[in-house]
Every structure is written in structure tokens, then in C-alpha cells.
Amino acid sequence: MSDEKNFILDVDDLNIYYGNFKAVNNVSFHVKAGEIFGLLGPNGAGKTSTLSAIEGLLKPQSGSIVVAGYNVIEKPLHAKASMGVQLQSTNFQPELTVEEIIELFAGIYGVDLTKEKLDKLISENNLQESRQKRFGQLSGGQQQRVSLSLCVLHDPKLLLLDEPTTGLDPQSRRQLWERMEAMCEKGHGILLTTHSMEEAEAVCDRIAIIDHGKIIEIDVPQTLIDKHRNDPEVIAVSRKGKITLEDVFIGLTGREVRV
Amino acid sequence: MQTNVPTTSTVLKALLRSDLKTQWRNRRAVILTVAVPVIILFSWRQIINQIGGAFALGSCITVGLMATGLMGYTNSIARDRDKGIFQRLRVAPLPSWAIMASRLLVQLLMIFIITAAVLIAGYSVDNIIIPTEGYVLAFLASIIGATVYLAIGQVIVGLIKNPETVNATTRLVYFIFIMVGMFGQLGILGDVIKKYVIWSPYGTVQTIVAGAVNPSKWTNTTTEALLVTIGYAVVLFLIGIRKFKWSSK
């Protein structure tokens, strides 16, 4: 029970349907304070539906989601105020500058944005050169960094990062990993989705593999590798004789390409 | 530790500030929206005495309201939905209605600008003098009339997801309203068309705005047009809100 009090996110028995299609099937997992939890799955596995339900964009048919003690259905605004979200395809008004976008979201999250705080946020995200540029003039990587800077603006207890390193160069990616780890040390919880097994292995404390709407494995990355290293499906897809998380992932979810 | 949720007024203020900035940065489109009715009014200089000042002001304000409601509002909603701007706002701690309320408040400002520009142009170019209460009522009638076009826009973004298709549809509807509405009401397209146009979303708005600028000529027909306008707005908004999806995916 004492462990439960540390849950920043608790998803229990979640079910989501689109018409007769069951996109999410009895999914349960939790993210603890100070933990980076990876949700991995092929395209169409149910990751985005699960994330959308946590973000409050989609109402599940059954199950419960509690963020920092707030049920997302009963207390949606409190739950949303407790999380920082980076969506896969986030965009902002192309007419607004980086500073204006940060000011907008500071207002929305009720953050008192001082000049020092704004400067710190801008420099932490390497946006000094582009702070006066309009969002529509930024490169993909810069846009991604603006989006990430807004996630942490209000010091949320839970961070939801949907493929956050897509479009980032290796330096920015490493820097983001370090920032994620620093946030975890401060007690924040992070739910991360990624298609990069290298990223999952490098930063996640635990991962869940989801396929066809169901969670098929939850564990520490290395434990998953050790557990499945002798599976014939995993050995069949391994390259150069070394079993990686990617081999385990493909072994468990199949080789066919999903669209 | 308790999580604090910002007040709705704080959120609305932040949204409104950024929406006004966005509108300001698109001022070329705003100028064009205002310019069309003013140019029409200018071009009618020679026939003002025949058609009447109230009719001319009513028609031109209606054209401006159509442009801002149908094209300005609708296309910005379609674009922001398609780009995922709404989705990012919806994962933040704010009620969804606040996003739309801010957009509508910006439109309210546009309505004031258009109405003021046409009234000023009417006075300075065509020497149309209206009573003081006519100015106040003209603004009120413009707000009521604009809701019809905002509601039509809401139906269009409710039924169509693709922003390019939304853009094309709003232009088509705008063109039809101007061509059929304006010429039809002038009687150029015959009596049958004129009868239909008078009770169309173009005709009823034109009637109430024209009635508002000249309150002494307000008739039962103007009151009926007002009721029909409100009816259009309510029904169309209900359909538009019901059909609207926050994401185009």
C-alpha cells in the first residue's frame, strides 16, 4: 500500500472502443514518482488511445485513470494541471513568437512568468536565437524544443512525452534524456512513448509492450531481454548474435509492418 | 500537495491576448474584409438616392459580416484544428468552451470594426446621416446578424474536416450569398428569387441591419426578420456544435 501513495499515474482496467473495435483492452499500469516508464508498441497497438485517455482527449468506456491523486473523469482540470504534455504532432499559432507562446501557456497554467524564469526556460531549451521568431519560421527541431519547454513550464508531477525525440539531433536528444533524468530525481514521473528501442533501453526504468490493445509485458528493459533471450522468435530476428530490446520487441509483436 | 487550477478569467485573458495578436498579424486579411463592403458602398454612390441609405448600409454591413463570420472565423478554426493547435490547448487545464469563447470575442471586435467602417464610409462618402440611436442599434443588429454567419461557419467546420475544402466551401457560400442575395434583393433576379432572398440568411440580416440604422422605419416585417435571424442562428449553432470535432484526424 505504501507504494501506491507514490503513484503519479495509475491506469486501471482501461477499455476503449471505436464502434465495435476494441482499441484498448483491460490495460493497467502505473508510473511511480521518480520513474521513467516507457509505453512501446507497433503502430495501431493502442498507445495513442491510451495516452489520449490519460490526457483527457478521449473518454474511455470503462476503467479508471488517476493522475497525482485526481481522477481524470471526475477532476479533469486538476488532473490536466498536474501533467505536462508533449503531443506527437503539437503545433501552435504560426503567427506567434516563441516568447508569446510561452506567455500564453504560462497564463493557461497560472504560472507567474518572470523575466528570469522566461530567460531560464528559453536557455534550457536552446531557444535563445529563436525566442523572437514566429513559430511558423522555426525548424522542426526548434518547434519540438518549444513544445518540450511548455511541458515543464508549470513544474508538473507527471510528464507525458509522445515520441519526444523525433526530429531532434543527437546532441539535443542526449540533452533531453539528461533533463528527463534530472526531473525524475526531483520526484516527477514520466510516461514516454517511443519507437526507438535504443531510447527506451537508455532512459526507461520500466517499459510496457502493448499490442492489439493489450499489454503483453511490463518489466525493467534488461529483465525483459534476459527473460526472452532464448525465445525462438527473438533469436530468429536478432542480428549479429546479440539480443537487444528491439529483438525482444519484434519477437513479441511480430515482424509484419503495421500501418 | 494540492494542484492549483487557474481561474477561467485568467485562462480566458491569456487566450484572448494571443488570439488578438494572431488576428493583428493577419491584418491584411482584416483590411480586405473591411475593404469589400466599403468599396461596394463607394460604388453605389450614384444610386444611393434610389435604393435608400438604410438599404445600402444594411447590405454593405451584411457583406462584411458574412466575410468575417464565414471566412475569417471558419477558416481559422479549420486551420487550427488541422494543425493540432486545439488538441494542445485541450490537454491544458482549461474548459473547451473557453477556447471558442476567446475566438468569438475576437470576432465581436471584428464586427464592431466592420460596422464602424461602413457607417463612417456611409457618412463621409455617401453623406448618409442616421439618428444617434441608429448607430447603437446598428451595432446590436450587426452582432445578432453575425451570429448567423458564424453559425453557418460552425456547420461547415462541423461537416467538413479538410481545411482546404472548408476554405473552398466558405468562398462558394460567400459568393452565392453576395451574388444571389444582393442582386436578388435588388430585384435584378426577378420577383420569385427576391421573395426567397428576403427570408434567407442574407435577407433577414440585411433587413434587421437596415431597420436598425433607421429605427423610425422599423416595421412588423423587420421584427419577423429579427425572429427568423435568431432562429437561424440557434438552429445552425446547435447543428454546428453537435457535429464539431476538435481533431481532424
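Everything numeric in this text was worked out from a predicted model, so none of it was measured. (Residues numbered from 1 in each chain as written. Chains lettered and ligands numbered in written order. Predicted model: local features only at pLDDT ≥ 70, side-chain atom pairs only at ≥ 80, totals over all residues.)

A few words now on the overall build of chain A. Broken down by element type, chain A carries 10 helices and 10 strands. Taking 259 residues into account, the globule formula puts the C-alpha radius of gyration at 18 Å, and chain A, at 19 Å, falls close to it. Dimensions of chain A along its principal axes, counting C-alpha atoms only, are 55 × 45 × 40 Å. Split into buried and exposed, the 259 residues of chain A put 46% on the buried side. Long-range contacts, defined as pairs at least 24 residues apart, comprise 65% of the intrachain contacts of chain A with a sequence gap of at least 6. (Helix = DSSP H or I, 4+ residues; strand = E, 2+ residues; numbered from the N terminus. Rg over C-alpha atoms; globule rule 2.2 N^0.38 Å. Buried ≥ 20, exposed ≤ 12 C-beta atoms within 10 Å, placed from the backbone. Contact = placed C-beta atoms within 7 Å.)

Quick look at the overall build of chain B now. A count of helical and extended segments in chain B gives 11 helices and 0 strands. Tracing chain B from N to C terminus, the helices and strands come up as α-α-α-α-α-α-α-α-α-α-α. Here chain B has a C-alpha radius of gyration of 19 Å; the compact-globule value for 249 residues is 18 Å, and the two agree. Taking the principal axes of the C-alpha coordinates as reference, chain B spans close to 70 × 35 × 35 Å. Counting contacts in chain B only where the partners sit at least 6 residues apart, residues at least 24 apart contribute 80% of the total.

Residues and elements named next belong to chain A. The strand order across the open sheet built from 6 strands is β6-β7-β8-β3-β9-β10, with neighbouring strands paired in mixed fashion. Both outer strands of the open sheet, β6 (83–86) and β10 (214–219), are each paired with one neighbouring strand and no more. Geometrically, the sheet is characterised by an average inter-axis angle of 15 degrees between neighbouring strands, direction not taken into account. Examined bridge by bridge, β6 and strand β7 (residues 158–162) share 4 bridges and lie parallel to one another. Considered in β7, the bridge of G84 is made with L159. Of the strands in this sheet, β6 and β7 touch helix α5 (residues 140–151), which is tilted by about 170 degrees from β6. (Pairing = 2+ DSSP bridges. Axes fitted to C-alpha atoms, helices over the stretch in contact; angles between N-to-C directions.)

Moving on, we get to the interface of chain A and chain B. Taken together, the 26 residues of chain A in the interface contact 23 residues of chain B. Elements represented by at least two residues in the side of chain A that touches chain B include exactly α2 (76–81) and α3 (98–108) of chain A. The dominant element in the side of chain A that touches chain B, judged by the number of residues it contributes, is α3 of chain A, at 5 residues. Across the side of chain A that touches chain B, the residue classes tally to 13 nonpolar, 9 polar and 4 charged. (Nonpolar A, V, L, I, M, F, W, Y, C, P; charged D, E, K, R; others polar.)

Before going further, it helps to spend a moment on helix α11 (residues 220–243) of chain B. Residues and elements named next belong to chain B. A rise of 1.5 Å per residue sets the reference length of α11, with its 24 residues, at 34 Å; its end C-alpha atoms lie 35 Å apart and thus fit the reference within 8%. Taken as a whole, α11 has its buried residues at A225, L226, V228, T229, Y232, A233, L236 and G240. Summarising the contacts, the buried residues of α11 are in contact with α7 (132–159) and α10 (201–213). (Expected span 1.5 Å × (residues − 1).)

Next up on the list: the packing of α7 of chain B against α10 of chain B. Residue and element names in this part refer to chain B. It is the contact of α7 with α10, at a shortest axis distance of 7 Å, that shows an interaxial angle of 170 degrees. In terms of their interaxial angle, α7 and α10 are classed as roughly antiparallel. Residue-level inspection shows G134, L137, A138, L140, A141, S142, I144, G145, V148 and I152 of α7 in contact with α10, the latter providing P201, V205, I208, V209, A212 and V213. When the residues that make up the contact of α7 with α10 are grouped by side-chain class, the tally is 13 nonpolar, 3 polar and no charged. (Parallel < 35°, antiparallel > 145°, perpendicular 65-115°, else oblique.)

Turning our eyes to something else, we now look at the pairing of β7 of chain A. All names here are of chain A. The buried fraction of β7 amounts to 5 of the 5 residues, a majority that puts the element mostly inside the structure. As defined by bridge partners, β7 adjoins strand β8 (residues 189–193) across 5 bridges and the pair is classed as parallel. Opposite L158, over in β8, you have G189 as the bridge partner. The handedness of the β7 to β8 crossover, carried by helix α6 (residues 170–185), is right-handed. (Right-handed = clockwise from strand over helix to strand, strands pointing away.)

A few words now on the environment of Q93 of chain A. Looking at where Q93 of chain A falls in the secondary structure, it is placed in the loop between β6 and α3. By C-beta crowding, Q93 of chain A is classed as buried, having 23 other C-beta atoms within 10 Å. Between the C-alpha atom of Q93 of chain A and that of G136 of chain A, which follows or precedes it by 43 residues, the distance is 7.6 Å. Those residues in contact with Q93 of chain A that lie beyond four places of it in its chain are F135 of chain A together with S18, T22 and I85 of chain B.

The nonpolar side chains of a soluble globular protein tend to be buried with one another. Formed by 80 residues in total, the largest nonpolar core has its most connected members in V67, I101, F105, L158, L160, I190 and L191 of chain A. For this core, the element with the most residues is α3 of chain A, which contributes 7 residues. What V67 of chain A contacts, discounting residues up to four positions off in sequence, is L9, V72, A79, S82, M83 and L158 of chain A. L70, M71, A78 and Y149 of chain B belong to the second largest nonpolar core, which has 56 residues in total. (Core = buried A, V, L, I, M, F, W, Y, C linked by C-beta atoms within 7 Å.)

Let's shift gears to the sheet that holds strand β2 (residues 21–32) of chain A. Residue and element names in this part refer to chain A. Spatial ordering of the open sheet is given by β2-β1-β4-β5, a layout of 4 strands whose pairing is antiparallel. Whereas interior strands pair on both sides, the edge strands pair on one side only; in this sheet they are β2 and β5 (70–71). When strand β4 (residues 62–67) meets β5, the two strands line up antiparallel, connected through 2 bridges. Paired with V67 across the two strands is Y70, which belongs to β5.

The next thing to look at is the pairing of β2 of chain A. Consecutive side chains of a regular strand alternate in pointing toward one face of the sheet and then the other. Residue and element names in this part refer to chain A. As judged from the 8 bridges shared by strand β1 (residues 7–18) and β2, these two strands associate in the antiparallel manner. Paired with Y18 across the bridge in β2 is F21. Between β1 and β2, which follow one another and run antiparallel, lie 2 residues, and G19 among them has a positive phi close to 65 degrees.

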